[in-house]
Amino acid sequence: MQLNGVDIDDTFAEAFNMRGTRILITAQNLRWAYNAANAMTGFATSVIGCGVEAGIERELSEDETPDGRPGVSVLMFAMGSKVLMQQLETRMGQCILTCPTAAAFAGIESEEMISLGKHLRFFGDGYQVSKQIPDATGKLKRYWRIPVMDGEFLTEETTGMVRAIGGGNFLVLGASQAQVLTACEAAIDAMRKLPNVIMPFPGGVVRSGSKVGSKYPKMFASTNDAFCPTLKGVVKSELDPRVESVMEIVVNGLTFEDIAVSMKAGIEAACSLGKDNGILRVSAGNYGGKLGQHHFKLRPILSGEVTA
Amino acid sequence: MSHIILTAKPVSRTVDCRALLPLALQGKTVADISAIKLAANLSVSDAFEVSVDAGVETPKVTFKNTTSSHHYIGFGMTAGQLIVEGDAGDFLGAQLQNGVLICKGNASARAGDRMRRGMLLIEGNAGDYCGSDMMAGTLGVLGSTGTHLGYGMKRGTLLLAQAPAPQATWIDCGFHKLPFLNILYKSFKLLDSRFAQISSQRVQRWMGDMGGLGKGEILVIQS
């Protein structure tokens with residue numbers, strides 16, 4: 001299968017069950033909403049070292065936020081509910097509470113609600129104020145007003161936690177580093193327009209794909225040598241002589257369909273640069289299909305088949 | 001759910017309305033409601049014309065033509081919406097547990113007394129001891145307030161459109177722009193009330209009653 005002259009491998013991305021949540025962050029203006037959201041989603045590229053994988057989903061207009069101020073929505077994913085709860089509380093305390101004018105609200109409804117400001121309220125040292133206010137549907141929601149030096153920090157008590165999927169991915173293989181990066185930027189631009197997904201790595205792109213295991217006994221994972229262009233000829237390489245650079249886009253989402261749709265948009269955008277611009281091949285990362293619960297097969301996805 | 005409309009008849013005595021709550025009257029017929037005893041020698045049919053409309057989303061009661069003789073309207077209410085199209089007597093919304101109570105006219109003494117949750121919105125004036133011993137919730141008054149406002153108030157919010165008289169046990173915390181008010185005002189906009197027209201987030205904040213727990217607040221809306 002080819003797309004604009006780019007070979008599409010007959011392979012699949014292997015993804016895992018995760019727990020996810022969405023938080024709406026508002027502030028006096030978008031600058032400060034982004035300051036808060038960037039801090040909250042900083043150092044959240046991979047669960048391996050960061051506990052959670054998080055990213056900004058999209059901007060929110062004044063009409064879309066509970067307090068009528070501009071904001072952004074953030075998605076956060078973890079391998080388990082306990083880690084997600086811990087990380088959310090820590091990041092709320094260090095990144096949102098501290099950010100001038102920022103407020104945080106639930107961005108998703110679920111039967112499982114986890115603490116957003118429920119414990120953070122104690123920062124108020126007894127001066128915190130609870131308000132229960134009905135939303136547009138008449139459902140009562142509890143907010144906490146915590147006195148801080150810039151006025152009041154406002155946060156909803158809880159947000160929903162849902163089952164989600166992490167680790168959807170595809171690899172862009174090209175003739176040069178610059179060309180692959182350009183293709184990945186186009187892919188990320190396309191994927192960021194879609195709801196319910198985030199690409200947690202820096203700028204949405206990761207260059208250090210890994211394989212399971214290492215020659216060093218203490219390492220659980222190490223560089224994906226089969227896709228390292230400088231090791232062609234030394235290891236059992238997946239790369240042909242034309243490939244000088246490989247980059248990966250990892251995508252986490254709320255459902256299988258969300259990830260499949262975003263992968264399709266991303267691959268199509270990357271391939272739109274075509275073979276003439278040095279984009280040679282699209283592949284995907286997997287572990288032989290034995291570890292992950294979800295398989296995103298590239299060719300069916302590009303054909304519009306997105307069923308699990 | 002039903003919308004029960006109680007139109008007050010002229011009576012030469014006070015009327016205790018505490019039995020006439022939205023949830024308590026759900027599923028009852030006009031005859032059932034008319035037969036409810038409000039006092040030993042006073043039933044609903046003596047004090048009100050009763051009509052019932054089915055098919056509303058939340059339990060609702062509307063009082064019409066009420067006066068300051070109608071006491072305990074919304075006393076201990078736990079859910080739904082209660083509208084008073086007239087004045088209300090003492091203890092309007094006292095011990096309110098939840099739901100929304102809107103009074104289009106004036107309220108007499110001790111409106112919101114020991115209120116625990118929910119919203120009590122008075123479009124007219126409130127009498128003495130408004131919000132007395134209030135434990136939580138939101139009590140709004142667009143008109144004037146009487147003496148001893150928030151007497152013994154523990155927690156909760158008194159949202160006022162007019163500045164009250166200064167009181168020794170309430171501390172002025174200054175002027176502020178509070179973001180949560182936007183959320184509160186959004187909920188007001190869903191109501192058929194003059195409160196839906198409020199938009200200013202700038203308020204003067206007072207804390208009290210320092211004679212007790214002192215974690216209540218009076219927010220005076222600034223134009």
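In this text the structure is predicted, and so the values were computed from the model without any measurement.

Engineer: What should I look at first to understand the overall build of chain B in this one?
Structural biologist: Helix and strand counts for chain B stand at three helices and 15 strands. Taking 17 Å as the expected radius of gyration for a compact globule of 223 residues, we find that chain B reaches 17 Å, a close match to that expectation. Structurally, chain B occupies a C-alpha span of about 55 × 35 × 25 Å along its principal axes. At a minimum sequence separation of 6, the contacts of chain B that also span at least 24 residues come to 37%.

Engineer: Before we go on, may I ask you to explain the overall build of chain A in this structure?
Structural biologist: Counting its secondary structure elements, chain A contains six helices and 17 strands. For 308 residues, the compact-globule estimate of 2.2 N^0.38 gives 19 Å, and chain A sits close to it at 21 Å. Residues classed as buried in chain A amount to 43% of the 308 residues present. Contacts in chain A between residues far apart in sequence, at least 24 positions, make up 73% of those at least 6 positions apart.

Engineer: What am I meant to see in unusual backbone geometry here?
Structural biologist: Leaving glycine aside, a negative phi is the common case for residues, and trans is the common case for peptide bonds. Residue and element names in this part refer to chain B. Here the residue pair Gly208 and Asp209 is connected by a cis peptide bond, since its omega of -5° sits within 30 degrees of zero. As for its placement among the helices and strands, Asp209 is situated in the loop between β14 (202-208) and β15 (216-221). Located in the positive-phi region is Gln95, a residue other than glycine, with phi close to 55°. If you trace the backbone, Gln95 turns up in the loop between β8 (81-85) and β9 (100-103).

Engineer: Can you walk me through the interface of chain B and chain A in this structure?
Structural biologist: Frequently, the measure chosen for interface size is the accessible area removed from exposure when the parts meet. Contact residues are listed per partner, giving 12 residues for chain B and 15 residues for chain A. Tallying contributions element by element places helix α3 (residues 180-188) of chain B first for the side of chain B that touches chain A, with five residues.

Engineer: When you look at the domain arrangement of chain A in this model, what are you seeing that I'm missing?
Structural biologist: Residue and element names in this part refer to chain A. Parsing chain A into structural domains produces domain 1 (2-15 + 164-302) and domain 2 (19-162). The C-alpha-based centres of domain 1 and domain 2 are spaced at 31 Å. The interface of domain 1 with domain 2 comprises 10 residues on the first partner and 12 residues on the second.

Engineer: How do you make sense of the confidence of the model for chain B when you look at a structure like this?
Structural biologist: Low pLDDT marks stretches whose predicted atomic positions should not be read closely. Taken as a whole, chain B shows an average pLDDT of 96; of its residues, 100% reach a score of 70 or greater. The ipTM value of the predicted complex is 0.93, and its pTM value is 0.93.

Engineer: Can you help me understand the sheet that holds β8(B) in this one?
Structural biologist: The strands that make up a sheet pair up through hydrogen bonds in the backbone, lying either parallel or antiparallel. Residue and element names in this part refer to chain B. Spatially, the 11 strands line up as an open sheet ordered β5-β1-β6-β8-β9-β10-β11-β12-β15-β14-β13, and their pairing is mixed. Sheet topology places β5 (48-54) and β13 (171-177) at the edges, where each strand pairs with a single neighbour. Here the average twist between neighbouring strands, direction ignored, is 15°. In the sheet, β13 pairs with β14 via six bridges, with the strands oriented antiparallel. Its bridge partner being in β14, Asp172 is matched across the sheet by Trp206.

Engineer: Would you take a moment to explain the environment of A:Gly160 for this structure?
Structural biologist: Note that A:Gly160 resides in strand β11 (residues 158-174). Placed 40 residues apart in sequence, A:Gly160 and A:Pro200 show a C-alpha to C-alpha distance of 20 Å.

Engineer: Would you mind showing me how to read helix α1 (residues 30-40) of chain A here?
Structural biologist: Three or four residues apart is the spacing at which side chains of an α-helix point the same way, because the helix has 3.6 residues per turn. Residues and elements named next belong to chain A. Within α1, the full set of buried residues consists of Ala33, Ala36, Ala37 and Met40. All buried residues of α1 lie within an arc of 95° about the axis, which places them on one face of the element. Of the surrounding secondary structure, the elements contacted by the buried residues of α1 are β3 (12-26), β4 (53-60), β5 (71-78) and α3 (81-96).

Engineer: Could you clarify how one ought to interpret the packing of α1(A) against α3(A) in this entry?
Structural biologist: Each packed pair of helices is defined by two parameters, the angle between the axes and the distance between the axes. Residues and elements named next belong to chain A. Their axes nearest at 9 Å, the elements α1 and α3 cross at an angle of 140°. Taken together, the axes of α1 and α3 are oblique relative to one another. Helix-helix and strand crossings are classified by hand; for α1 and α3 the assignment is right-handed. For the pair α1 and α3, contact is made by Ala36, Ala39 and Met40 and by Arg91, Cys95 and Ile96, respectively.

The rules behind each value
Residues numbered from 1 in each chain as written. Chains lettered and ligands numbered in written order. Predicted model: local features only at pLDDT ≥ 70, side-chain atom pairs only at ≥ 80, totals over all residues. Helix = DSSP H or I, 4+ residues; strand = E, 2+ residues; numbered from the N terminus. Rg over C-alpha atoms; globule rule 2.2 N^0.38 Å. Contact = placed C-beta atoms within 7 Å. Buried ≥ 20, exposed ≤ 12 C-beta atoms within 10 Å, placed from the backbone. Domains from an automatic or database assignment. pLDDT = per-residue confidence, 0-100. Pairing = 2+ DSSP bridges. Axes fitted to C-alpha atoms, helices over the stretch in contact; angles between N-to-C directions. Arc of directions from axis to C-beta. Parallel < 35°, antiparallel > 145°, perpendicular 65-115°, else oblique. Left-handed = near helix turned anticlockwise from the far one by under 90°.

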